[in-house]
Each structure stands twice: as structure tokens, then as C-alpha cells.
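Observations on chain architecture
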Amino acid sequence: MKPLRSARWFAPDDLRGFGHRSRLMQMGYGPDDWAGRPVIAIVNTWSDINPCHAHFRQRVEDVKRGVLQAGGFPLELPALSLSENFVKPTTMLYRNLLALETEELLRSHPVDGVVLMGGCDKTGPGLLMGAISMDLPALFLPAGPMLRGNLRGEVLGSGSDTWKYWDERRAGRIGAAEWQAVEAGIARSHGHCMTMGTAATMTAIADALGFCLTGASSIPAADANHIRMAAACGRRAVELVREELRPSRLLSRASFDNALAVAMALGCSTNAIIHLIALSRRAGHPLTLDDFHAAGQRVPLLANIRPAGERYLMEDFFYAGGLKALMARLGPHLDLAARSVTGRSLGEELAGAEVFLPDVIRSLDDPVSSQPSLAVLRGNLAPDGCVMKPAAADPRLLRHGGPALVFESYAELKARIDDPDLPVTPDTVLVMRGAGPQGGPGMPEWGMLPIPRKLLQAGVRDMLRISDARMSGTSYGACVLHVAPEAQVGGPLALLRTGDSVSVDAHAGRIDMAVDAATLDARRAAWVAPEPRFGRGYGWIYARHVLQADQGCDFDFLETGFGPPVAEPAIL
């Protein structure tokens, strides 16, 4: 093993070395704690306002226990918590800030390896993006899903049942008391959403990439197995340093192809596209929208987990065998030679994995749906692409056309959507713009546009909806998302007008507006760019450097190809 990186701070017999050692001793440590031992950073995204990570205050102690057991020296480094429910306008505005913070935390501190503690939607991608760029031995500890929700004996799923019961309340079919009972019962423990939302998707993707102890992403947060897994992460992090197993040695194109296949088999969140593209570009193995579309056509949906699945939740998935069992069934679609942070190949990790509940994890010849988990559409409305989740949509809307009803913002949509005089029918195509990376700002999860109240009251539960926004992974419906280029920067979506005919064919991968080129040219000539969202601060930086959705929404200057590697900090 090469000399420890942390020794640059602690070993020299000079003035700086004295200062570093004396300040550790100020905190009660002695040379026996650090001398010759790998220093393991534990980047912890706990906060008082992140319910997904409420258990991380204790789990970090479990990780430290494992680090000490293996002969390392643990150091906790707090990072942005990015609580999905509370951060406004959207956590996506700050994902890249967490990535930058993670990279610089690791670069600037005397650490040799890292355990990344995340789970809530943007924390996993942000932590991994930063760790890939810094390229120290790294292991991801997933927060784990919460327990099933409950309403008077009925199982509730995060997000998915929120939208369902909110529509029923808007339609006047349930009252305040039942709505409050849903509030109290839908989230009963710490942990992230237990539907196949963005958190469950991205922790599984981290697992499939090889960043987790294989299968760890399926363990419920409240399960005692999660405590033991946390300690095991600490032990393994020390070994990673000794083995010099860095992300650059771990990740390959096969790793990302495996993650794609797993995402499709899970019925993943559409947000997986943005995050996985960003991760792949950081790692030097860039994915494109075409890779996602091809994987969606090739890999069937095997996980019967809501919202793409019919009835089950992540707790059931764990009891059925979890991610290891799903990957074992997915074997023909995986490269089993890909590496894991365990030090073993994926094939070795999956040996002996079993499915215990076959209706939860289906076989390749008995998939949950004949529709793909994700589809990519292109056309004159989205020349750089947009995405859809066919497996979670009404099949009749996968090939549909109708007149557009255009909203300039989410605020306008909220103000008008329940107007009884709204000019809308079930065939209308609802369109919202101004919600992309620049327009949102930060591309909020507004893409599951609400069904107009008068149609809800008539029994309509799905419509074709189009926007440059994202949507929650717990959402469902015929929602076309991530339209690129977005309207804020002058993409064709900015030129669409109410009454224009719009058509979508998810099977053919097409999205078009029936507007001739001359009319579009005239509209473009008259188009006026909106005022910038930010005049100073972080938002000003964000607006000048964020990429479009089809490129992963990373900052251009953080991508690996932007410039030469950053040198280690000088210690003078």
C-alpha cells in the first residue's frame, strides 16, 4: 500500500505537522488514534429537517464503530442535507452544490477514504458526483426506505397515494378528517419514500454501480439489519483504502450499463435519467438519452413496486429478496464481471440469491408490464429529447393527439386549473412551460400536472401532459417531461400556443406540434427572452453554468472533460 494521503498532514516533523497533531490532541485524540491508520471521512447529510435521514445521527456512530473495528480513524464531516420536502424552490437547484461541497470536503481534509451517507432524492447523486470527481476510495451507505404507510388497515405508498387522495379530495369525494388520517399514516418511520420513487431508484442505482455493499439499498431504514450494514460499511471503507480501490478503478461502461438495466427492471423514476447521465459524464463513461430508450425497449419491468407496479412497496421488495434477487433474475441483461466495492465481481455477489415472493419480483418471462419503464421522445417540440414513463401511464394515451392548453408557469396553472369554465376536455393536451433548469429555477417536480377539477368530477384520472419540468418518482400518469431545450432558453416549447395540435407517439418515440415552419419562424422572431431568475449569489452561478436536462443538469465547469485534474492541496 502506498503512503496514506492523511500522512501529509500528520507525519511531517515540521511546524504545520505540529499544528495538525496538536489540534487533534486538543480534541482528546492521541497518536495511537491516527498514526499509520487510514482516516475515513463520513460525509453525513443528517439534519433536523430531513425525515429521510432522521436515523443518520445514530447511524454515523455505527459507521464509526466499524471503522474503529477495522483499524481506521473515523472523522464525521457534515454536508448539505437537501431535504426533498422542505427545500425550496427545489433540491435540484442544489444537487450540484452538494457535489461541489463533497469534492472539496474530501480534497481539503486529511482523509484517505470516505463513507457517503445519503438517500433522500438528490443526496445520493450529489454525493456520488463529488466522490467520483475527487476519486478517493468511496462507499455509499443508503438511508433505506421507510416502513409501509397505513390508513385504517389499507397500505399507503409515499407520494403515489398522496396524489391519489388529493385528487379524491379535490373531486369532493373525501373530507378533511380522512385527508388528515392520510397525513398521519402515510409516513410512519424514518427513511426515504417506500415506493419506487427517486430515492429508492437512485440508491438502487448506486448499488448496481457497485458503490454499496451489494443489496444494501433494499434494507428498510428501521430494520436492525440496517444498523449492522452501517457498521460493515465502516469496516469495508478501511479495507478499500488499503486496497486502493477508487471510483476510477471501480467504474466502467459495464457498470453504467448494469445500472441502466437495473433501473428499467425496477420501473425507475424518470429522474434517474438526469442523475445517471450526470454521474456517467463525471466518470468518463457518458450515457445519452438514446441509451435509456434502448434499455427501456430491451429490459422488462420485473419489480412489482408502485407506481409502475401494481401493488407492492419497498418493504415487500426486501422480504422478496431485494435487489440481489432482482439482479439474479436479470442476469442475462447484466455484465457479471463488473466490480463492486466489496472487492468481488457482481457475479460472485449474486451467487445463491433467491426470490422468495415471486409476485413481487417477477421473472423475465412474466414481467409486470409489457410497456417500457422509460421512453425517450423527439420531434419538433423537443429536438434534444424528452422522457415519459409508459409503464405508469394509461395505455390509450401513449399514442395521442389533441389541442394544447398552454400555461406559462406553475403559478398560472394552479390559479386556473380548477376553474369550472376552463376550456378543456379529456383529449386536451395540458402544457406547462417555464419550469426547466433555468426557468424553474432548478427544474422543480411540477410535471405531474393536476387534472382539472371538472374532469376529476367526471371520473377522468389521466390526461396527456407536457412540460420542461421533472416529476417525483412517486408520480404516475401520461406525463411528458424534461423537454429540451427548455422554454426559458428559447426551445420550441416556448413557441407553442393554446389551440395548436400536439401529438405524442411513445411507441415510435415522437412528439410534434402541427405548426408549419414559417409560423414557427415568425413566432421565434417575436419571442422575447424572460428576465434572468437571479442577480447575485449561488443562483447567479447556477444560471450561468447549468446544462440542459438531456446532458444531466451538471455544471459545465464540474464535468470531468472541462479541464485538467485538480492537484492535491499544498501544505506549506
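Before any of the text, the structure's been laid out above.
This write-up is about the structure you can find in this document.

Rules used in this analysis
- Residues numbered from 1 in each chain as written.
- Predicted model: local features only at pLDDT ≥ 70, side-chain atom pairs only at ≥ 80, totals over all residues.
- Heavy atoms only, no water.
- Helix = DSSP H or I, 4+ residues; strand = E, 2+ residues; numbered from the N terminus.
- Rg over C-alpha atoms; globule rule 2.2 N^0.38 Å.
- Buried < 20%, exposed > 50% of the residue type's maximum accessible area, 1.4 Å probe, protein only.
- Contact = heavy atoms within 4.5 Å.
- Lys, Arg positive; Asp, Glu negative; His and termini not counted.
- Charge placed at Lys NZ, Arg CZ, Asp CG, Glu CD.
- Salt bridge = Lys/Arg side-chain N within 4 Å of Asp/Glu carboxyl O.
- Expected span 1.5 Å × (residues − 1).
- Pairing = 2+ DSSP bridges.
- Right-handed = clockwise from strand over helix to strand, strands pointing away.
- Axes fitted to C-alpha atoms, helices over the stretch in contact; angles between N-to-C directions.
- Left-handed = near helix turned anticlockwise from the far one by under 90°.
- Nonpolar A, V, L, I, M, F, W, Y, C, P; charged D, E, K, R; others polar.

Our next topic: the overall build of the protein. Check the secondary structure of the protein and you find 21 helices and 14 strands. Relative to the globule expectation of 25 Å for 572 residues, the C-alpha radius of gyration of the protein, 24 Å, shows essentially globular dimensions. For the protein, buried positions account for 59% of its 572 residues. Across the protein, every contact between residues at least 6 apart in sequence was considered, and the portion connecting residues at least 24 apart equals 76%. Within the protein, the 62 negative side-chain charges are centred at a point lying 2 Å from the centre of the 58 positive side-chain charges.

To continue, consider the environment of Leu 68. Structurally, Leu 68 can be placed in helix H4 (residues 56-69). Residue classification places Leu 68 among the exposed residues on the basis of a relative accessible area of 51%.

Attention now goes to the pattern of salt bridges. The final tally for this structure, using the stated rule, is 36 salt bridges. Across the pair Asp 366 and Arg 362 runs a salt bridge whose closest N-O atoms are separated by 3.9 Å. Assessed through its relative accessible area of 40%, Asp 366 is described here as partly exposed. Linked by salt bridges that have partners in common, Glu 84, Lys 122, Glu 445 and Arg 470 make up one network.

Before going further, it helps to examine helix H9 (residues 198-209). Three or four residues apart is the spacing at which side chains of an α-helix point the same way, because the helix has 3.6 residues per turn. Spanning 12 residues, H9 covers 16 Å between terminal C-alpha atoms, matching the ideal 16 Å at 1.5 Å per step. Within the span of H9, buried status applies to Thr 198, Ala 199, Ala 200, Thr 201, Met 202, Thr 203, Ala 204, Ile 205, Ala 206, Asp 207, Ala 208 and Leu 209. Downstream of H9 by a residue or two, Gly 210 has a phi angle that is positive, lying close to 105°.

Strand S3 (residues 113-118) sits mainly inside the fold: six of its six residues count as buried. A two-sided burial pattern is seen for S3, the buried positions comprising Gly 113, Val 115 and Met 117 on one face and Val 114, Leu 116 and Gly 118 on the other. Direction of pairing for S3 relative to strand S4 (residues 138-142): parallel, over a ladder of five bridges. Paired with Val 115 across the two strands is Leu 139, which belongs to S4. In terms of handedness, the path from S3 via helix H6 (residues 123-134) over to S4 forms a crossover that is right-handed.

Across the sheet, four strands lie side by side as S2-S1-S3-S4; this open sheet has parallel pairing. Strand pairing shows two members of the sheet lacking a second neighbour, strand S2 (73-78) and S4, which therefore form its edges. Taking each pair of neighbouring strands and ignoring which way they run, the sheet shows an average axis angle of 20°. Of the pairings in the sheet, the one linking strand S1 (residues 39-44) to S2 comprises six bridges and is parallel in character. Within the sheet, the bridge partner assigned to Ile 42 lies in S2 and is Glu 76.

So, on to the packing of H9 against helix H12 (residues 253-266). For any two helices packed against each other, one specifies the crossing angle of their axes together with the interaxial distance. Following both chains from N to C, one finds H9 and H12 inclined at 145°, their axes separated by 8 Å at the closest point. Between H9 and H12 lies a crossing of right-handed hand. Contacts between H9 and H12 pair Ala 204, Ile 205, Ala 208 and Leu 209 from the former with Ser 255, Phe 256, Asn 258, Ala 259, Val 262, Ala 263 and Leu 266 from the latter. Tallied by class, the residues present in the contact of H9 with H12 amount to nine nonpolar, two polar and no charged.

What follows covers unusual backbone geometry. Between Arg 306 and Pro 307 the backbone carries a cis peptide bond, its omega angle lying at 10°. The omega angle of the peptide bond from Gly 440 to Pro 441 is -5°, so this bond is cis rather than trans. Structurally, Pro 441 can be placed in the loop between strand S10 (429-432) and helix H19 (453-457). Located in the positive-phi region is Leu 82, a residue other than glycine, with phi close to 50°. Phi is positive for Asp 135, close to 65°, though the residue is something other than glycine. With respect to the secondary-structure elements, Asp 135 resides in the loop between H6 and S4. Take Asp 135: its relative accessible area is 19%, and that puts it in the buried class.

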